[in-house]
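# Commentary on secondary and tertiary structure
Chain by chain, the residues:
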Amino acid sequence: MRVIDTLIIGGGQAGLSAAQAMRGVGIVPVIVEKSHSPTGSWPHYYDSLRLVTPAKHNGLPDAEFPGDPDRRPLRDEVVNYLLGYAAGLDVDIRTNRAVTSVARESDVFVTSLSDGSTLASHTVVAATGCFGSPYWPQLPGIETFPGRLLHSSQYREPSVFSGCRVLVVGGGNSAIEIAAEAASTAASVTVASRAPLRFTKPEATLLWPRSGSRVRDHGGYADVLAQGEFTRRPMFSGIGGDVVHWQQGQPQQFDVIVMATGYRPHLDYLSGLNVLNERGFPKHRAGMSTTENGLAFLGTDGRRGRAETSMRRVGRDARFLARRLVRLAKSSVLTR
């Protein structure tokens, strides 16, 4: 069986950055991507999504984002950018290949694919991000809600909320963007968040507040909230049918609940290895597995900081991991 130098699982921004970085240190990678194109989760985001920072901060390694560097690119612009980036890489990219499991057999990893085939590799980079694992918190009474319940990953455009009573759960940019769009359709919209909202200027440095939910206010959301187009309340105490009960104030009825509650690492294919903790997060140090030599994680929330899944930082992280993997190979920690 032919053994690949490095198998990269996931062909989005993290996987493509990893491939470019591997080539830079003399490693020949292969990418497997479950969808039909190397664009990761970007085609599945909601229609109006823009990057939260300007284009000049979001180019992948050795490829600036084209066009006005101060604009915030739309979802479809990012898709096209990733397609162009992938086309310029001298890398074997195999699409329509979902990974079902990864196992260790002697000195190699054996990765099984949904078509029944397997690939052997000396090293593996798990670059599947988080979009495939939306987080649904256990909220009291949510199972009794008879209306429409969806996660922000399922949201596309606001017309479906027209005239509805909408509750958005969450306090990040996605929650506030969805709330503002829903309010524009004459929907009655309430945002429930555990902490107060904190709006920052669009050009502000990416710092996370010690308390409160940080929202980058590139859409004038603070003004929209102040004008009463939607409201914000602390988290509710429970749900009974279509009625939401608050710690203070009268109960409210809702037709729709949108869970803008984030994601967890999409790493279920690694469950056969001792590399994940009880919450499904990787056991790692600076992106390198602490239990399996030669396994690395890239583009997974919580790896080296809260913003490392963004395009502006994934290239830096990819270079770091490539240097670590090539040092392992040269020091013969991995048997060749």
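Scope of this entry: the structure provided in the associated data block. Only a predicted model underlies this, so the values are computations on that prediction, with no experimental measurement involved.

Further remarks concern the overall build of the protein. Along its length, the protein carries 5 helices and 19 strands. Since a compact globule built from 336 residues should have a radius of gyration of about 20 Å, the 21 Å found for the protein is in line with a globular shape. Considering only C-alpha atoms, the protein reaches an extent of 65 × 45 × 35 Å along its principal axes. Taken across its 336 residues, the protein has 51% of its residues classed as buried. For the protein, long-range pairs separated by at least 24 residues make up 59% of all intrachain contacts whose partners lie at least 6 apart in sequence. Carbon together with sulfur atoms contributes 48% to the accessible area of the protein, which is approximately 15,300 Å² in total. If you average the places of the 38 positive and of the 30 negative side-chain charges in the protein, the two averages end up 7 Å apart.

Following the sequence through the fold, T111 ends up in strand 5 (residues 108–113). Since its relative accessible area comes to 0%, T111 is described here as buried. Dropping the residues within four chain positions of it, T111 is found in contact with L7, V99, S101, V102, S117, T118, L119 and V124.

Another point: unusual backbone geometry. For D62, which is not glycine, the phi torsion reads 65° and is therefore positive. The exposure class of D62 is exposed, given its relative accessible area of 76%. Backbone geometry places N96, a non-glycine residue, at a positive phi of 55°. Within the secondary structure, N96 is located in the loop between strand 3 (92–94) and strand 4 (99–105).

Among the 11 residues that make up helix 3 (residues 173–183), 10 are buried, leaving the element largely enclosed by the rest of the structure. Taken as a whole, helix 3 has its buried residues at N173, A175, I176, E177, I178, A179, A180, E181, A182 and A183.

A few words on the environment of S271. In this structure, S271 sits in the loop between strand 16 (256–259) and strand 17 (284–285). Judged by relative accessible area, S271 falls into the exposed class, the value being 59%. Sequence spacing of S271 and S153 is 118 residues, and the spatial spacing of their C-alpha atoms is 23 Å. Among the polar contacts made by the side chain of S271, one reaches the main-chain carbonyl oxygen of D268 at a distance of 3.0 Å.

On to the packing of aromatic side chains, then. Scanning all chains against the criterion turns up 8 aromatic pairs. Pairing Y45 with F131 gives two aromatic rings, centres 5.0 Å apart and planes at 90°, and the pair type is edge-to-face. With Y45 in the loop between strand 2 (29–32) and helix 2 (75–87) and F131 in the loop between strand 6 (118–126) and strand 7 (148–151), this residue pair connects regions lying 86 residues apart in the sequence. Comparing Y45 with F131 shows no difference in burial state: the two are buried. The ring of F109 has R104 sitting right over it, with the charged end atom 4.0 Å from the ring centre.

A few words on the nonpolar core. Among the nonpolar cores identified, the biggest contains 64 residues, and W42, V125, F161, V166, V168, V189 and M311 are the most heavily contacted of them. Listed by contribution, the elements that provide at least two residues to this core are helix 1 (13–24), helix 2, strand 8 (165–169), helix 3, strand 9 (188–193), helix 4 (221–226), strand 16 and helix 5 (311–330). In terms of residues, this core owes the most to one element, helix 5, which gives 9 residues. Contacts of V166, omitting those with residues within four sequence positions, involve F161, A187, S188, V189, T190, F254, V256 and V258. Membership of the second largest hydrophobic core comes to 20 residues, among which are I9, V99, Y269 and L273.

Rules used throughout
- Residues numbered from 1 in each chain as written.
- Predicted model: local features only at pLDDT ≥ 70, side-chain atom pairs only at ≥ 80, totals over all residues.
- Heavy atoms only, no water.
- Helix = DSSP H or I, 4+ residues; strand = E, 2+ residues; numbered from the N terminus.
- Rg over C-alpha atoms; globule rule 2.2 N^0.38 Å.
- Buried < 20%, exposed > 50% of the residue type's maximum accessible area, 1.4 Å probe, protein only.
- Contact = heavy atoms within 4.5 Å.
- Areas by Shrake-Rupley, 256 points an atom, 1.4 Å probe, with all protein chains shown as cover.
- Lys, Arg positive; Asp, Glu negative; His and termini not counted.
- Charge placed at Lys NZ, Arg CZ, Asp CG, Glu CD.
- Polar contact = N/O pair within 3.5 Å; in protein donor to acceptor, adjacent residues only side chain to side chain.
- Phe/Tyr/Trp six-rings, centres within 6.5 Å; stacked < 30°, edge-to-face > 60°.
- Lys NZ or Arg CZ within 6 Å of the ring centre and 35° of its normal.
- Core = buried A, V, L, I, M, F, W, Y, C linked by side-chain atoms within 4.5 Å.

Honestly, that's just the spatial picture; any functional story needs more than this.
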